[in-house]
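Tertiary structure, described
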Amino acid sequence: MASRSHRARRAGLAGRRGEWLAVLYLSAKGYRLLERRFGGKGGEIDLIMARGDDIVFVEVKARAALDAAAAAITAEKRRLIEARIRQWLARNPWAMQRHLRADAVFLAPWRLPRHVPAVFELVL
């Protein structure tokens, strides 16, 4: 059985790999990366991207199946993401004039990424 620190390192590496795949996928769709991994303990925003008048806060979930990835965005996860969005907006007040949206990119082995715009409604 792998040690907790070894599993944590492996999960962290897989998470970073998934984020980069999502950046490449969204970049191909015309999005521009503004920031990666904003936040820290207590939750983070995986990616902050821009396209046109949109600022998009992206949650990246990689699981064995796309449906399992979608189910991983719980009410608690949404609450933590919204708290970090408010924190980011306080540091970037210019963005309040833009259209804000919470998207997700779901990843699963041997499947194309699934980009879900407005995966949940922001309550800021």
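Residues numbered from 1 in each chain as written. Predicted model: local features only at pLDDT ≥ 70, side-chain atom pairs only at ≥ 80, totals over all residues. Heavy atoms only, no water.

1. Concerning the packing of aromatic side chains
For the record, the criterion: Between the rings of Phe, Tyr and Trp (Trp by its six-membered ring), a pair exists once the centres lie within 6.5 Å; its type follows the angle of the planes, with under 30 degrees stacked, over 60 edge-to-face, and the other angles tilted. For the purposes of this entry, the term helix denotes a DSSP run of H or I that reaches at least four residues, the term strand denotes a run of E that reaches at least two, and both are numbered from the N terminus. Only protein chains enter the accessibility calculation, which uses a 1.4 Å probe; a residue is then buried when its area is under 20% of its type maximum, exposed when over 50%, and partly exposed in between.
In this structure the tally under the stated criterion is two aromatic pairs. Plain terms: the ring middles of F57 and W88 are 5.5 Å apart, the flat faces sit at 80° to each other, and that makes the pair edge-to-face. With F57 in strand β3 (residues 54–62) and W88 in helix α3 (residues 75–91), this pair connects stretches of sequence that are 31 residues apart. With respect to class, F57 is no different from W88; both count as buried. Geometrically, the ring pair formed by W88 and W94 is edge-to-face, given 5.9 Å between the ring centres and 75° between the ring planes. On the basis of relative accessible area, W88 is assigned to the buried category, the value being 2%. W94 sits in the partly exposed class, given a relative accessible area of 42%.

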